[in-house]
Amino acid sequence: MTQSYPATRLRRSRATAWSRAMHRETCLTADNLIWPLFVTEGDGVEEPVSSLPGVSRWSLDGIAARAREAVELGIPCLALFPNTQPERRSDDGAEALNPDNLMCRAIRAIRDACGDSIGILTDVALDPYTEHGQDGLMDNGGYVMNDATVEVLVKQSLNQALAGADIIAPSDMMDGRIGAIRQALEDDGQHNVQIMSYAAKYASAFYGPFRDAVGSRGLLKGDKKNYQMDPANAEEALREVALDLSEGADSVMVKPGLPYLDIVARVKERFEVPVFAYQVSGEYAMIEAAIAAGAGDREALVMETLTCFRRAGCAGILTYHAPLAARLLNG
Ligand code: PBG
């Protein structure tokens, strides 16, 4: 009796490195990385963020140095987040509108250091500037008011665009803010300033270390569930994306990243637009904790997770591992 063998052996194509390379469906390059950076006051200052091992806040000179490093590594874009001094935080977050705030000075420092060789993405939301740590203006009952907040976010966006930001990235989840910001940018002649909307941003427990980094953790009263999305919802994410695109978003973001790759895939499938994902601070901390516990290898974990973002449909990933990944990719 002759033994019958499977005609299809999927292992054939996996047998050698060259063949695996030839059959690889997804590629990851430094072009796919956006590096989030935290900015602090001072000169020559580096403040490690204890809940984000390996990540520091940098004063402007350090930010300029990181930007030069990013250009050398082929990372196309930086995302900036300021750690505003407590005395500059207020109920209304007015510091967000100061043309000389930390964010605007960081934009100019990067521009001075690198010209147009790197993109600068700026976060629009009031949490780094408010005393209460919420992303918007609160009414007397502690509810974050939508339309009043949008008015301030529009001014914040213009302030960042005038300082030289390339991509405005509203992370606040107010309704209608993309349309309002786009209109204001057009009226101001800022036609080529892009908007990357944090379209599907969830009320996540993975943001803790970020709040340490921008100094809002101890300040935050309550949670952000009346504007950020419920992690249980997916259809609603598609509605959010549809609205932001109709209001003029150039690209959309899903956040957090790894637990939400189904959302990335559905958004990509449905809308066929550039989709980005934010591998947020808690995800980074989780990977680093696994490494510290001896549960995995850093390089392998980082490359695998970032490749999975690409496979799910991401054009790019905001990740604190960006410089490490770029170094590995550049070999
Ligand atoms: C604030 C903002 C947050 C993050 C990016 N922008 C935190 C929040 O919404 O509370 C989180 C990023 C991270 O955890 O790495 N608008």
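Scoring rules and cut-offs
Residues numbered from 1 in each chain as written. Predicted model: local features only at pLDDT ≥ 70, side-chain atom pairs only at ≥ 80, totals over all residues. Heavy atoms only, no water. UniProt positions renumbered as here; feature names shortened; annotations may be inferred. Buried < 20%, exposed > 50% of the residue type's maximum accessible area, 1.4 Å probe, protein only. Contact = heavy atoms within 4.5 Å. Axes fitted to C-alpha atoms, helices over the stretch in contact; angles between N-to-C directions. Helix = DSSP H or I, 4+ residues; strand = E, 2+ residues; numbered from the N terminus. Parallel < 35°, antiparallel > 145°, perpendicular 65-115°, else oblique. Left-handed = near helix turned anticlockwise from the far one by under 90°. Nonpolar A, V, L, I, M, F, W, Y, C, P; charged D, E, K, R; others polar. Near = heavy atom within 4 Å. Polar contact = N/O pair within 3.5 Å; in protein donor to acceptor, adjacent residues only side chain to side chain. 1 Å grid on protein atoms, 1.4 Å probe; cavity = no way out; pocket = protein on both sides within 12 Å on 5 of 7 lines; lining within 4 Å. Sits in = over half its atoms within 2 Å of the grid points. Core = buried A, V, L, I, M, F, W, Y, C linked by side-chain atoms within 4.5 Å.

Caption draft 1: Examining the UniProt feature "binding site: Mg(2+)" (unreviewed entry) in the chain more closely. Following the UniProt record, one finds the feature "binding site: Mg(2+)" (unreviewed entry) at E240. A relative accessible area of 13% means that E240 is categorised as buried. Once you skip the residues sitting within four places of it in the chain, E240 turns out to touch M173, A199 and M229.

Caption draft 2: Region of the structure containing the packing of helix 2 (residues 60-73) against helix 3 (residues 102-114). At a minimum axis separation of 9 Å, helix 2 and helix 3 run at an interaxial angle of 45 degrees. Regarding the angle of helix 2 to helix 3, the classification is oblique. Judged by the sense of rotation from one axis to the other, the crossing of helix 2 with helix 3 is right-handed. For the pair helix 2 and helix 3, contact is made by L60, I63, A64, A67, R68 and V71 and by L102, R105, A106, A109, I110, A113 and C114, respectively. Tallied by class, residues from the contact of helix 2 with helix 3 come to 11 nonpolar, no polar and 2 charged.

Caption draft 3: Quick peek at the site of the ligand. Close to the ligand lie 17 residues; K201, K224, K255, S281 and Y320 are nearest. Here an oxygen atom of the ligand sits 2.7 Å away from a polar atom, N or O, in the side chain of R211. One nitrogen or oxygen atom from the side chain of Q228 is found 2.9 Å from an oxygen atom belonging to the ligand. In a pocket analysis with a 2 Å cut-off to the grid points, the ligand is assigned to the largest cavity. Grouping the amino acids of the shell around the ligand by side-chain chemistry returns 7 nonpolar, 3 polar and 7 charged.

Caption draft 4: Structural view of the environment of A312. Within the element layout of this structure, A312 appears in helix 10 (residues 298-312). Along the chain, A312 and Y260 lie 52 residues apart, while their C-alpha atoms are 9.9 Å from each other. Apart from residues lying up to four places away in sequence, A312 is in contact with L261, V264 and A265.

Caption draft 5: Region of the structure containing the UniProt feature "active site" (unreviewed entry) in the chain. The UniProt feature table records "active site" (unreviewed entry) at K201 and K255. In three dimensions, the annotated residues from a span of 55 residues occupy one location, with a maximal C-alpha spread of 4.9 Å. When the annotated set is filtered for residues lining the largest cavity, what remains is K201 and K255. With respect to the helices and strands, K201 occurs in strand 7 (residues 194-201). Those residues within four positions of K201 in sequence are excluded, and the remaining contacts are D135, S171, M173, Y207, Q228, M229 and K255. A polar atom in the side chain of K201 sits 3.0 Å from the backbone oxygen of S171. Among the secondary structure elements, K255 is positioned in strand 8 (residues 251-255).

Caption draft 6: Up close: the nonpolar core. Counting residues in hydrophobic clusters, the biggest one holds 75 residues, and the most contacted among them are L78, L80, I110, I168, I263, V264 and L306. Here this core gets 7 residues from one element, more than from any other, and that element is helix 3. Among all residues touching I110, those that are not within four sequence positions of it are I63, A67, L78, L80, G115, I118 and I120. Residues I34, V49, M253 and F276 belong to the second largest nonpolar core, which totals 24 residues.

Caption draft 7: Main features of the packing of helix 7 (residues 235-246) against helix 8 (residues 261-271). Two numbers describe how helix 7 lies on helix 8: the axes approach to 10 Å, and their chain directions differ by 45 degrees. Considered as vectors, helix 7 and helix 8 are oriented oblique to each other. The handedness of the crossing between helix 7 and helix 8 is right-handed. Two secondary-structure elements touch here, helix 7 through A237, L238, V241, A242 and L245 and helix 8 through I263, R266, V267, R270 and F271. Taken together, the residues of the contact of helix 7 with helix 8 break down into 8 nonpolar, no polar and 2 charged.

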